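In case you want the letters, here they are:
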Amino acid sequence: MERKIIETDILIIGGGTAGCMAAVEAKERYPQLNVTILEKAHIDRSGCLAGGMNAINAYLNKGETPESFVRYVRSDSCGLIREDLVKTMSELFEYCVKKVEKWGLPILCDDQGNYLPRGRWNIKINGESLKPILAKAARSAGAQVYNWVAVTNLLTEGDRIVGAVAFSLRNGTFYVVKAKATIIATGGAAGLYRPNNPGDASHKTWYCPYNTGAGYAMGIRAGAEMTSFEMRYVALRTKDTIAPTGTIALGVKAPQVNAKGEQFMKTRYAHLGGDGAPTPYRTYGPLMEIKEGRGPVYLDTRGLTPEQSRELKSAYLDMYPSMVLYWAANNIDPSKEPIEVQTTEPYIVGGHCQAGYWVDGDRRTTLKGLYAAGDVSGGAPYKFVSGCWAEGVIAARAAGADIASMPPVTVSDEQIAAEEDRAFKALRSQGKVRYPVLPTDMEARLQKLLEQYAGGASTYYEMNEEMLQIARQRLAKFPADFDQLVANDLHQLMKVHEIMDRVDVAQTLVEHLLHRRETRWPSYQTRIDYPERDDVNWLKFVNSRLDPKTGKIEVLTRPYEQIIPGDRYKP
Amino acid sequence: MPVWVDPEKCNGCHGASQPPCLRMCPGDLIVKDHTANKAYLKYPEDCWDCLPCVKVCPEEAIEFHLSYQFGSKGAKLIPHIHKTHDQITWELIDTQGNSETFTIRTKLMPVELDEKVEGGTQTLDFSI
Ligand SMILES: Cc1cc2nc3c(=O)[nH]c(=O)nc-3n(C[C@H](O)[C@H](O)[C@H](O)COP(=O)(O)OP(=O)(O)OC[C@H]3O[C@@H](n4cnc5c(N)ncnc54)[C@H](O)[C@@H]3O)c2cc1C
Ligand code: SF4
Ligand code: SF4
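Given the structure is predicted, the values throughout are model-derived calculations rather than measurements. (Residues numbered from 1 in each chain as written. Chains lettered and ligands numbered in written order. Predicted model: local features only at pLDDT ≥ 70, side-chain atom pairs only at ≥ 80, totals over all residues. Heavy atoms only, no water.)

## As for the overall build of chain A
Right, so step 1: Secondary structure assignment for chain A yields 17 helices and 19 strands.
Right, so step 2: Relative to the 2.2 N^0.38 estimate, which gives 25 Å for 571 residues, the radius of gyration of chain A is 23 Å and therefore close to what a compact globule would have.
Right, so step 3: Counting only C-alpha atoms and orienting by the principal axes, one finds that chain A spans roughly 65 × 55 × 50 Å.
Right, so step 4: Buried positions account for 66% of the 571 residues belonging to chain A.
Right, so step 5: Considering only contacts in chain A between residues 6 or more positions apart, those separated by 24 or more positions represent 74%.
Right, so step 6: Per element, the accessible surface of chain A, about 18,900 Å² overall, is 50% carbon and sulfur.
Right, so step 7: Of the charged side chains in chain A, 70 are positive and 68 negative, and the gap between their average positions amounts to 1 Å. (Helix = DSSP H or I, 4+ residues; strand = E, 2+ residues; numbered from the N terminus. Rg over C-alpha atoms; globule rule 2.2 N^0.38 Å. Buried < 20%, exposed > 50% of the residue type's maximum accessible area, 1.4 Å probe, protein only. Contact = heavy atoms within 4.5 Å. Areas by Shrake-Rupley, 256 points an atom, 1.4 Å probe, with all protein chains shown as cover. Lys, Arg positive; Asp, Glu negative; His and termini not counted. Charge placed at Lys NZ, Arg CZ, Asp CG, Glu CD.)

## Here's the deal with the overall build of chain B
Right, so step 1: In terms of regular secondary structure, chain B is built from three helices and seven strands.
Right, so step 2: Starting at the N terminus, the α and β elements of chain B follow one another as β-α-α-β-β-α-β-β-β-β.
Right, so step 3: If one aligns the C-alpha atoms of chain B with their principal axes, the spans along those axes are about 55 × 35 × 25 Å.
Right, so step 4: In chain B, which comprises 128 residues, the share counted as buried stands at 48%.
Right, so step 5: Put simply, of all contacts in chain B between residues at least 6 apart along the chain, 43% involve residues at least 24 apart.
Right, so step 6: Of the roughly 6,300 Å² of accessible surface on chain B, 52% is carried by carbon and sulfur atoms.
Right, so step 7: Between the centroid of the 12 positive side chains of chain B and the centroid of its 19 negative side chains there is a distance of 4 Å.

## A word on the nonpolar core
Residue and element names in this part refer to chain A.
Right, so step 1: One finds Ile-10, Phe-69, Leu-130, Ile-183, Trp-389 and Leu-450 to be the most contacted residues of the largest nonpolar core, which totals 235 residues.
Right, so step 2: It is helix 16 (residues 490-515) that contributes the most residues to this core, 13 residues altogether.
Right, so step 3: Summarising the domain contributions, this core has at least three residues from each of domain 1 (236-343) and domain 2 (425-557).
Right, so step 4: Discounting chain neighbours no more than four positions away, the residues touching Phe-69 are Ala-58, Leu-60, Val-86, Met-89, Ser-90, Phe-93, Trp-121 and Tyr-382. (Core = buried A, V, L, I, M, F, W, Y, C linked by side-chain atoms within 4.5 Å. Domains from an automatic or database assignment.)

## Re the site of ligand 1
Residue and element names in this part refer to chain A.
Right, so step 1: Near ligand 1 lie 35 residues; those nearest to it are Thr-17, Glu-39, Ser-46, Ala-55 and Asp-375.
Right, so step 2: At a separation of 2.6 Å, a nitrogen atom of ligand 1 approaches a polar backbone atom of Ala-55.
Right, so step 3: In this structure, an oxygen atom belonging to ligand 1 sits 3.0 Å away from a main-chain N or O atom of Asn-57.
Right, so step 4: In the complex, the protein chains occlude 98% of the 1,000 Å² of accessible area that ligand 1 would expose alone.
Right, so step 5: Residue assignment for the shell around ligand 1 shows that the elements contributing at least two residues are helix 1 (17-29), strand 3 (53-56), strand 6 (149-157) and helix 12 (384-403).
Right, so step 6: Of all the elements, strand 3 adds the most residues to the shell around ligand 1, at four residues. (Near = heavy atom within 4 Å. Polar contact = N/O pair within 3.5 Å; in protein donor to acceptor, adjacent residues only side chain to side chain.)

## Structural notes on the site of ligand 2
Right, so step 1: Around ligand 2 sit Val-5, Cys-10, Asn-11, Gly-12, Cys-13, Pro-19, Cys-21, Ala-39, Cys-57, Pro-58, Glu-59 and Ile-62 of chain B, and those are all the residues in its vicinity.
Right, so step 2: Tallied by class, the residues present in the shell around ligand 2 amount to nine nonpolar, two polar and one charged. (Nonpolar A, V, L, I, M, F, W, Y, C, P; charged D, E, K, R; others polar.)

## Quick look at the domain arrangement of chain A
All names here are of chain A.
Right, so step 1: Assigned domains of chain A: these are domain 1 (236-343) and domain 2 (425-557).
Right, so step 2: One C-alpha centre belongs to domain 1, the other to domain 2; they are set 31 Å apart.
Right, so step 3: Together domain 1 and domain 2 conceal approximately 830 Å² of surface at their shared face, both sides included; 67% is due to carbon and sulfur atoms.
Right, so step 4: Interface area lost by domain 1 to domain 2 is led by Pro-280, Leu-287 and Lys-291, which between them contribute 52%.
Right, so step 5: Between Lys-291 and Glu-462 there is a salt bridge; the shortest N-O distance is 2.9 Å.
Right, so step 6: Linking domain 1 to domain 2 there are three residue pairs in polar contact (both at pLDDT 80 or more). (Buried area = accessible area lost by both parts, 1.4 Å probe. Salt bridge = Lys/Arg side-chain N within 4 Å of Asp/Glu carboxyl O.)

## A short note on the pattern of salt bridges
All names here are of chain A.
Right, so step 1: Per the stated rule, a full pass over the model turns up 55 salt bridges over all chains.
Right, so step 2: The salt bridge involving Glu-262 is made with Arg-268; its shortest N-O contact spans 2.9 Å.
Right, so step 3: Each of Glu-230, Arg-516, Glu-518, Arg-520, Asp-535 and Arg-568 takes part in a single network of salt bridges with overlapping partners.

## Some points on the packing of aromatic side chains
Residues and elements named next belong to chain A.
Right, so step 1: This structure, assessed with the given rule, holds 22 aromatic pairs over all chains.
Right, so step 2: Centroid distance Phe-69 to Trp-121: 5.2 Å. Interplanar angle 80 degrees. Geometry classified as edge-to-face. Taken together, the residues Phe-69 in helix 2 (residues 66-76) and Trp-121 in the loop between helix 4 (93-102) and strand 4 (123-127) connect sequence positions 52 residues apart.
Right, so step 3: We classify Phe-69 as buried; its relative accessible area is 0%. (Phe/Tyr/Trp six-rings, centres within 6.5 Å; stacked < 30°, edge-to-face > 60°.)

## Focus: the pairing of strand 5 (residues 76-81) of chain B
All names here are of chain B.
Right, so step 1: For strand 5 and strand 6 (residues 87-93), the ladder comprises six bridges, and the chain directions are antiparallel. Note that in strand 6 the partner of Pro-79 across the bridge is Trp-90.
Right, so step 2: If you look at the hairpin formed by strand 5 and strand 6, you'll find five residues sitting between the two strands, and His-85 has a positive phi there, around 65 degrees. (Pairing = 2+ DSSP bridges.)

## Regarding the interface of chain A and chain B
Right, so step 1: With 66 residues of chain A in contact, the opposing surface of chain B contributes 60 residues.
Right, so step 2: Interface of chain A and chain B: buried area, both sides summed, is about 5,300 Å²; carbon and sulfur atoms make up 57% of it.
Right, so step 3: In this assembly, chain A and chain B are joined by seven salt bridges.
Right, so step 4: In this structure, the salt-bridge partner of Lys-313 of chain A is Glu-100 of chain B, at a minimum N-O distance of 3.2 Å.
Right, so step 5: Applying the counting rule to chain A against chain B returns 25 residue pairs in polar contact (both at pLDDT 80 or more).
Right, so step 6: Secondary-structure elements contributing two or more residues to the side of chain A that touches chain B are helix 5 (130-141), helix 10 (306-317), helix 11 (322-329), helix 13 (413-429) and helix 16 of chain A.
Right, so step 7: Here the side of chain A that touches chain B takes six residues from helix 11 of chain A, the largest share from any one element.
Right, so step 8: Its residues assigned to classes, the side of chain A that touches chain B shows 31 nonpolar, 19 polar and 16 charged.

## Concerning the environment of Ala-224 of chain A
All names here are of chain A.
Right, so step 1: Within the secondary structure, Ala-224 sits in the loop between helix 6 (214-222) and strand 9 (226-227).
Right, so step 2: Looking at Ala-224, the relative accessible area reads 1%, which means it is buried.
Right, so step 3: Leaving out residues up to four positions away in the same chain, Ala-224 has contacts with Gly-219, Tyr-357, Thr-366, Leu-367, Ser-544 and Arg-545.

## Concerning unusual backbone geometry
All names here are of chain A.
Right, so step 1: Residues Gly-295 and Pro-296 are joined by a peptide bond in cis, for which omega reads -5 degrees.
Right, so step 2: Of note, Pro-296 is situated in the loop between helix 9 (279-291) and strand 12 (297-299).
Right, so step 3: The residue Ile-242 is not glycine, and still its phi comes out positive at about 60 degrees.
Right, so step 4: Within the secondary structure, Ile-242 is located in the loop between strand 10 (236-238) and helix 7 (246-249).
Right, so step 5: By relative accessible area, Ile-242 is classed as buried at 0%.
Right, so step 6: At Tyr-382, a residue that is not glycine, the phi angle is positive and equals roughly 65 degrees.
Right, so step 7: Assessed through its relative accessible area of 12%, Tyr-382 is described here as buried.

Right under this line is the structure:
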């Protein structure tokens, strides 16, 4: 294979929301440093932002402060978050939003020029082109961008991370990128559980189906400490299209109703805040309506004015256009019929929940030279685009500052050869393996296993010790089959790496689900054998670390620290 | 077929090796048949329905279809990009032919018809 060796100061893995912002910050603060982005798609339209966005969901509207934000996020996440991380990211919302506005993002304003809120923490944007705007900023700042380069692993030197390896999807070049500091920004993981839709719509998921947990998996393999994988994200989304519902619930203030027309959040969950209950309960509530025979569940949009109805459609066109075509194809008029909702397959997303790298205040991971930002980083839920930007900024500042004291990078030839072999093995196995396994075959087996034994939609996301033990045992058998995976071309080779990454993520996930013996986030994490929240024993973080030498995952806990005083269950 | 390249309308972006539709797909699902000089969606089952490909095609050659499991065929959603690059007009047509349009502000970045790929695009022999 052709080899390309790149030496850089700061390597950014994943040129998405967090990655592009990190690149700009690094180049602006430290213009003398080389900044390199490796992106498996094309940064103009990659990751979660590909389709566009219609709101910035984490912003301090008038009267709000970092403290009030922490209080809200803490109660929304059922009393357990890294308050330090949530606070520092919120302090940078304004900085990031102003920057992106300057680059050309249209933000909706009132007559006085104030941003138009959409709910307490959101502002409305016309963000159809948000991703190309960020990509242009990263390029103009001077970052060196490599598109269609899929990263397969981190490079290590003792306990330090010194870059990464990757392959080109266009010509199979093997990239060896040696870096003094590496920022990982690959987003979260979709495709672990069986998707909502079958057949030709299996990628009609809410979370970006091309974010397959690569960043988590690389860190796990290198021995990074991970946190809170058990806090999965199960979203409440529109039926079939799996479109975000905030656009309806916040945008036009539609309440949830069951088949009988009852506003069940107001009646059954009043003590938790009704329609404003913590996000897990807004998934759990409708789920219980369906389980107990009162479904389907809807967002009641009946009575919208024609202007509101058009506004709703416009908002979806900026972010999720298929929603609008779906209504047209089914002759649905949202002002005349309520919009049916459903719950999604579980995702691992550190930006909505808090699964990801265990980081310090500067987003340094537990591995020297490795920083994490965005959905891949843990402990700080409620990030959304602006929190991902903020973390990109924090990580870039820290990486740039740390570099001065970092020794030069050396990588052994053996490591490079072993990584090259690992990267291309499935291509070379083509025609040589007696019983070949396609990545889609392994994907189906993984998704079925997690679906049935690790709290998938078909068991109402509930799980117990016995089910999880089965998941653990069966998952342990997957890695032995990695040698049988085959790829016909470079695109399929990418899919081989995606499924291997998801298996690694799944193993860590199941260890976390087994460990937390309480139910803290109903539906995200429902341990039917420990149905209550237990602050006495479990007000702490469940973390894990794989020992790269033995391959064994060690689970540990870390204490929770309250920084902002007040009732943790009140916003 | 979630999105479909109309071969009558696609001009291959004048012999481009990496035309815009192919570049803007976050899943890298679109390829170009260089003999026919046409782009097509090679992996329809992996499509996210996110539409950058549709919006970026200068010939409006890519149609957006919903998977049949989501509803009847025949409804259409067509984005028209304004020459000024600061607006998109979406044309929505339901199954009965009723149409509605939405003009929305945006900030489109100019897109080149082709882009050089680092290291070229030659096909390699992987049998070694
Ligand atoms: C459909 C949808 C709608 C949303 N709407 C909103 C909204 O309106 N407002 C809001 O504030 N938030 C919204 N969010 C949330 C927000 O978009 C995400 O939290 C945020 O964009 C995540 O940023 P990120 O940088 O972590 O990941 P991404 O922006 O997804 O970036 C990850 C990047 O890593 C790349 N990558 C992955 N694996 C590899 C690999 N192995 N090698 C190289 N590159 C790799 C990907 O291609 C991608 O470019 C939405 C999310 C979704 C999915
Ligand atoms: S952008 Fe349009 S015209 Fe150009 S190759 Fe793609 S489909 Fe064809
Ligand atoms: S709709 Fe999105 S995922 Fe599907 S082909 Fe177009 S750009 Fe790719």
